[in-house]
Amino acid sequence: MALSCSVSLTAASGWPFPQNRNSERVKPILKEFKPTLPSTQKWSVSQKQTLAFGPTKQYPITINNDDSDTGYAEKLQTFKHILRKEGEEPIQGLAMIDAIQRLSIDYHFQEEIDSILTRQSMLLSTIHSDNNLYEVALRFRLLRQQGYHVSAGVFDNFKDNEGRFKQQLSSDIMGLVSLYEASQLSIRGEDVLDEAGDYSYQLLRSSLTHLDYNQARLVRNSLDHPHHKSLASFTAKYFFNDEPNGWIGELQELAKTEFKRVQSQHQHEIVEIFKWWKDLGLSTELRFARDQPLKWYMWSMSCLTDPSLSEQRIELTKPVSMIYIIDDIFDVHGTLNELVCFTEVINRWDIAAAEQLPDYMKICFKALNNITNEISYKIYKEHGWNPVESLRKAWASLCRAFLVEARWFASGKFPSGEEYLKNGIVSSGVHVVLVHIFFLLGQGISKENVELISNFPPIISSTATILRLWDDLGSAKDENQDGHDGSYVECYLRENEGSSLEDARKQVLHLISDAWKQLNQECLSPNPFPSTFSKASLNIARMVPLMYDYDDNHRLPSLEEHMKSLLYENVSP
């Protein structure tokens, strides 16, 4: 039977509180949606919610509520004193900041780090011929990622008269590692950093055969997980495994204590997420859809790393889960006619018209409506701005993009690579996530920024491009889903007759590299958004390879490793 699409033009927009704070009493929001059938599912990290890795071990969650370490604050103050004292020496200060950031405890030392980097920036105008590659490259990277303007011309001193990097650098392993790490912060038009990256990569890769174990481990870790483009759990590995000595030993012990505290906090958040997911009941009502709250939480945990953002991580997991659920509706379950109607309901956010939808779509929309209202209400109470229209607009854009893909597949029409990528940037869901993050953080909310963020600024579109293209590089489909939403690789091969799969992959990697350069430009230069938002955008891009690194068994081994290291394992070697 054909589904009627007579959607009412009078959307049920009766929002129960004003746009900005005033003396009016804030009224209760719509009653929480509860499915008709109660959920009886019990959560466990060994069940379907793990990460769809396939058969996995069970990792019991043990909550550590021991805050009896009364000396912790003293340890922090002691290391701050060490940092202020040791950091006065230029190269020592750089090394200490690098270690602190890799261990993800820099939020404790931001004042000291800012002071050291301010002094380091002054050195740029006084040092014109420094031949210490390690120091120059590390200073360049730390200053640029902090927002200082640093010219890539600082590396010209390491080139010969013919414009090539000097041959004698090939034996400077630490310098080459630092150079490779610095090259990851390149922006468009910086050929010298592209050359530096290729040069250092080739030399470091070939050096692995004759380095000792510790050096080889450091080099391999940097090549596989450069700090700027990777999550800290991977870039900090060799710090946790090194022999403790001097200030590194002090810092390592401090980081271990902090890690245990944060680990306990994340475990508390997981408990809240599973309770919410169970109460929502979508895993019971929508059997065809993915059921992976732990995987969805991993996005939130990686995007918002500051321990103080616990509530924001929990709230962000809710829209992330709905992106996956709606994607499954479009990709594996809904008919084209049903999808058209669902998209029209979302476009107009018409609660009355939603009653005409099939039951599974009706349940999904009601859940989405309540989640959106509840998050908007919390943001309004906390920050005095009602984001509901912005959030609804983001969901509508996502569904329209999903519908475009569904129509392509249903009609057999093959889009061009440009058409596919333009739409795929929207269907990636990154915009929905970052719009929610912007409002949940509550910083820099203004009429101008709200309008800007609703229109896919480059800081969002570049991150979305990275996700979409990484997804398309995947060697195995997600969780054995039978749907089809196309890929840039397919578009490229159709447009470039005679090209090989390897040619297509090289083109995709080139586009990912270019998107990273644009993202660097947006995040490392002044922009109207707060630094916490820029960091969240970077963290999404850093998380992407883990989320789409499927093996032949449809598992995510890198993500599984990341999850275990952050949530269940001790930090001791």
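Parameters at a glance
Residues numbered from 1 in each chain as written. Predicted model: local features only at pLDDT ≥ 70, side-chain atom pairs only at ≥ 80, totals over all residues. Heavy atoms only, no water. Helix = DSSP H or I, 4+ residues; strand = E, 2+ residues; numbered from the N terminus. Buried < 20%, exposed > 50% of the residue type's maximum accessible area, 1.4 Å probe, protein only. Contact = heavy atoms within 4.5 Å. Areas by Shrake-Rupley, 256 points an atom, 1.4 Å probe, with all protein chains shown as cover. Axes fitted to C-alpha atoms, helices over the stretch in contact; angles between N-to-C directions. Parallel < 35°, antiparallel > 145°, perpendicular 65-115°, else oblique. Left-handed = near helix turned anticlockwise from the far one by under 90°. Nonpolar A, V, L, I, M, F, W, Y, C, P; charged D, E, K, R; others polar. Core = buried A, V, L, I, M, F, W, Y, C linked by side-chain atoms within 4.5 Å. Expected span 1.5 Å × (residues − 1). Phe/Tyr/Trp six-rings, centres within 6.5 Å; stacked < 30°, edge-to-face > 60°. Salt bridge = Lys/Arg side-chain N within 4 Å of Asp/Glu carboxyl O. pLDDT = per-residue confidence, 0-100. Polar contact = N/O pair within 3.5 Å; in protein donor to acceptor, adjacent residues only side chain to side chain.

This part covers the overall build of the protein. Looking only at helices and strands, the protein has 24 helices and zero strands in total. The buried share of the protein, reckoned over its 573 residues, is 55%. Relative to all contacts within the protein whose residues are 6 or more apart in sequence, the contacts with residues 24 or more apart total 74%. Accessible area of the protein: about 25,700 Å², with a carbon and sulfur share of 50%.

Running from amino to carboxyl end, helix α3 (residues 110-123) crosses helix α4 (residues 133-145) at an angle of 120 degrees, the nearest separation of the two axes being 10 Å. As judged from the angle between their axes, α3 and α4 are oblique. In terms of crossing hand, the pair formed by α3 and α4 is left-handed. Every residue of α4 that contacts α3 at L117, Q120, S121 and L123 is listed here: R139, L142 and L143. Per-class residue counts for the contact of α3 with α4 are four nonpolar, two polar and one charged.

On to the nonpolar core. Residues W299, F342, W395, I437 and F533 are the most contacted members of the largest nonpolar core, which totals 115 residues. Contact partners of F533, with chain neighbours within four places excluded, come to L434, I437, F438, L441, I453, I459 and I460. Residues L83, A99, V150 and L251 belong to the second largest nonpolar core, which totals 53 residues.

Looking at where D327 falls in the secondary structure, it is placed in helix α13 (residues 310-333). We classify D327 as buried; its relative accessible area is 17%. Residue contacts for D327: discarding those within four places in its chain leaves R290 and F402.

This next bit is on helix α22 (residues 501-524). In this model α22 runs 34 Å from its N-terminal to its C-terminal C-alpha over 24 residues, within 8% of the 34 Å that 1.5 Å per residue would give. Every buried residue belonging to α22 is among A504, V508, L511, I512, A515, W516, K517, L519, N520, C523 and L524, and all of these are buried. On its buried face, α22 is in contact with α4, α6 (191-207), α20 (458-473), α21 (488-495) and α23 (531-547).

The next thing to look at is the packing of aromatic side chains. Per the stated rule, a full pass over the model turns up 15 aromatic pairs. Ring centres of F140 and F155 lie 5.1 Å apart, and the angle between their planes is 65 degrees; this geometry places the pair in the edge-to-face category. Here the residue F140 occupies a position in helix α4, and F155 occupies one in the loop between α4 and α5 (173-183), the gap between them amounting to 15 residues. Like F155, F140 is buried. Ring geometry for F438 against F529: centres 6.0 Å apart, planes inclined by 80 degrees, an arrangement best described as edge-to-face.

Once that is clear, we can look at the pattern of salt bridges. Taken as a whole, this structure holds 24 salt bridges when the rule is applied. The salt bridge partner of E315 is K378, with a shortest N-O separation of 2.7 Å. Separated by 63 residues along the polypeptide, E315 in helix α13 and K378 in helix α15 (residues 359-383) bring together distant segments of the chain. The partner of K362 in a salt bridge is D359, and the shortest N-O contact between them spans 3.7 Å. With a gap of three residues between them, K362 and D359 both fall in helix α15, about one helical turn apart. Take K362: its relative accessible area is 17%, and that puts it in the buried class. Through salt bridges with shared partners, a single ionic network connects D98, R102, R141 and E181.

Phi angles above zero are rare outside glycine, and W349 is one such case at about 45 degrees. Summarising the element assignment, W349 is placed in the loop between α14 (336-348) and α15. Note on W349: relative accessible area 2%, which makes it buried.

So, on to the packing of α4 against α5. Contact geometry for α4 and α5: axes closest at 8 Å, N-to-C directions at 20 degrees. Here α4 is positioned roughly parallel relative to α5, judged by the angle of their axes. Crossing of α4 over α5 shows left-handed handedness. Along its contact with α4, which presents L133, Y134, A137, L138, F140 and R141, the element α5 presents M174, G175, L176, S178, L179, E181 and A182. A breakdown of the residues in the contact of α4 with α5 according to their chemical character gives nine nonpolar, two polar and two charged.

The subject of this paragraph is the confidence of the model for the protein. Within the protein, residue pLDDT values average 84, and 83% of them lie at 70 or more. When the criterion is pLDDT under 50, residues 6-68 qualifies, and its contacts beyond four places in sequence or with other chains add up to 147 contacts. Here residues 475-483 is modelled with pLDDT under 50, and outside its nearest four sequence neighbours on either side it reaches 23 contacts, counting other chains as well.

With that settled, consider the environment of D551. Within the secondary structure, D551 is located in the loop between α23 and α24 (557-567). On the basis of relative accessibility, which here comes to 24%, the residue D551 falls in the partly exposed class. The spatial distance from the C-alpha of D551 to the C-alpha of G474 is 8.8 Å, given a sequence separation of 77 residues. Separated by 2.9 Å, the side chain of D551 and the backbone nitrogen of R555 make a polar contact.

With that out of the way, let us pick up α20. With 16 residues, α20 should cover 22 Å at 1.5 Å per step; its first-to-last C-alpha distance of 22 Å lies within 8% of that length. Taking burial as the measure, the 16 residues of α20 include 13 buried ones, the bulk of the element.

Locating I459 in the fold gives a position in helix α20. A C-alpha to C-alpha distance of 7.8 Å links I459 and Q518, two positions 59 residues apart in sequence. Setting aside its immediate chain neighbours within four residues, I459 contacts L519, E522, C523, N527, F529, F533, S534 and S537.

This part takes up the environment of E86. Relative to the elements of secondary structure, E86 occurs in helix α1 (residues 72-86). Residue classification places E86 among the partly exposed positions, given a relative accessible area of 32%. In the structure, E86 is positioned 161 residues away from W247 in sequence and 9.0 Å away in space, judged by C-alpha atoms. Once residues within four sequence positions are removed from consideration, E86 is found in contact with Q92, G93 and M96. Within polar-contact distance, the side chain of E86 engages the side chain of Q92 at 3.4 Å.

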